[in-house]
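# Analysis of the macromolecular model
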Amino acid sequence: MSYAVISDVHSNIEALDAVLEDIDNRKIESVLFTGDAVGYGPNPNEVLASLRERADVLIAGNHDWAAIGLADLERFNPNAREAVLWTMGVLSEESKNIIRIFQIAKRLEEEDVFLVHSSPGSPEEWRYLITYSDAEEAFRQFGEGVCFTGHSHHPFILERLPDGRMGTHYNSLELSRNCRYIINAGSVGQPRDRDPRACYVIFDGLRTEFVRVSYPVEKTQEKMRLAGLPGPLIERLSHGL
Ligand code: ZN
């Protein structure tokens, strides 16, 4: 079975359309979404409808919860908060109902895979995995061989060897049965690794690979301007920041 893991779409329908087209061209069988459908961008309703139709698993992110009043807005920086408030104002009832079916975490037993937006042990705290000690803790919090996450918008593959040593990879990797992995799928709609192209990850149980897809960034930016979304959120899309 082949999977595409997509994360952090953030209401960017141009980026999502480009990624889904690439997924179709590669004949990938299943799409798994690891959270943050909305926030930052101009098309939350369109993104939610598309994810609902295309993804086999829908995981909740902090921006999704915030948009339906479940996450504390005080924990968002001012621009992110402004975008959440804008999103709340335009979300249809149907879209809110789609967010309500999002799961906080999910085990794919047939593939020995765990899916979550932030940390596997306490997903609803929306913590970031920054240091190797955070990673050590995270590896204790799920039992599967592979955990896919999103949240930081930085794609990486963290590999834990049987003796506990860890290494980080950024492109593609043959997975070893003896090792365990935390794989951040990066971000479809607002990459932050200085590559403005949409990012997602392919996985077939044996091998994993990051894919970058160009999309019409200016089109998204123009819609953001018309919507009156904060300038820095518009600008960052040009730079992948
Ligand atoms: Zn995000």
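Read on for a plain summary of the structure. Computed from a prediction, not measured in an experiment: that's the story for all the values here.

## Some remarks on the overall build of the protein
From N to C terminus, the protein includes eight helices and 12 strands. Scaling as 2.2 N^0.38, a compact globule of 241 residues should have a C-alpha radius of gyration of about 18 Å, and the protein matches this with 17 Å. Counting only C-alpha atoms and orienting by the principal axes, one finds that the protein spans roughly 55 × 40 × 30 Å. Taken across its 241 residues, the protein has 56% of its residues classed as buried. Contacts spanning at least 24 positions in sequence make up 72% of the contacts within the protein whose residues lie at least 6 apart. On the protein, roughly 10,500 Å² of surface is accessible, and the fraction owed to carbon and sulfur atoms is 47%. Averaging the positions of the 25 positive and the 37 negative side-chain charges in the protein gives two centres separated by 2 Å.

## Let's talk about the coordination of the zinc ion
Taken together, Asp8 (OD), His10 (NE2), Asp36 (OD) and His153 (NE2) make up the protein donors of the zinc ion, found 2.0 to 2.4 Å from the metal. Around the zinc ion sit four donor atoms; with metal-centred angles ranging over 86 to 178 degrees, the donor geometry is irregular. Each donor residue of the zinc ion belongs to the same chain, with the gaps between them written as D-x1-H-x25-D-x116-H. Of this pair, aspartate 36 sits in the loop between β2 (30-33) and α2 (44-54) while histidine 153 sits in the loop between β6 (146-149) and β7 (156-160), and the two are 117 residues apart along the sequence. The burial state of aspartate 36 is the same as that of histidine 153; both residues are buried.

## Regarding the sheet that holds β7
The six strands lie next to each other as β4-β5-β6-β10-β7-β8, forming an open sheet whose pairing is mixed. Each of the sheet's edge strands pairs with one partner strand only, and the pair in question is β4 (105-108) and β8 (166-169). Neighbour-to-neighbour, the strand axes of this sheet turn through a mean angle of 15 degrees, independent of strand direction. The pairing of strand β5 (residues 113-116) with β6 spans three bridges and is parallel. Note on β6: the bridge partner recorded for phenylalanine 114 is cysteine 147.

## Points about the sheet that holds strand β11 (residues 198-203)
Taken together, the six strands give an open sheet; going across it, the order is β3-β2-β1-β11-β12-β9, and neighbouring strands pair in mixed fashion. Each edge of the open sheet is held by one strand with a lone partner, namely β3 (57-58) and β9 (172-174). Across six bridges, β11 lies against strand β12 (residues 207-213) in antiparallel orientation. Within the sheet, the bridge partner assigned to tyrosine 200 lies in β12 and is valine 211. Lying over the sheet, helix α1 (residues 13-25) contacts β1 (3-6), β2, β11 and β12, oriented at roughly 30 degrees with respect to β11.

## A word on the environment of phenylalanine 210
With respect to the helices, strands and loops of the structure, phenylalanine 210 is situated in strand β12. Judged by relative accessible area, phenylalanine 210 falls into the buried class, the value being 12%. In contact with phenylalanine 210, other than residues within four places in its own chain, are Pro155, Phe156, Ile157, Tyr170, Asn171, Ile183, Asn184, Ala185, Cys199, Tyr200 and Val201.

Analysis parameters
Residues numbered from 1 in each chain as written. Predicted model: local features only at pLDDT ≥ 70, side-chain atom pairs only at ≥ 80, totals over all residues. Heavy atoms only, no water. Helix = DSSP H or I, 4+ residues; strand = E, 2+ residues; numbered from the N terminus. Rg over C-alpha atoms; globule rule 2.2 N^0.38 Å. Buried < 20%, exposed > 50% of the residue type's maximum accessible area, 1.4 Å probe, protein only. Contact = heavy atoms within 4.5 Å. Areas by Shrake-Rupley, 256 points an atom, 1.4 Å probe, with all protein chains shown as cover. Lys, Arg positive; Asp, Glu negative; His and termini not counted. Charge placed at Lys NZ, Arg CZ, Asp CG, Glu CD. Donors = N, O, S within 2.8 Å, 3.2 Å for Na, K, Ca; no water. Tetrahedral: all angles 85-135°; square planar, octahedral: opposite > 155°, others 65-115°. Pairing = 2+ DSSP bridges. Axes fitted to C-alpha atoms, helices over the stretch in contact; angles between N-to-C directions.

Note that every value here comes from positions in space, so none of it alone points to a role or purpose.
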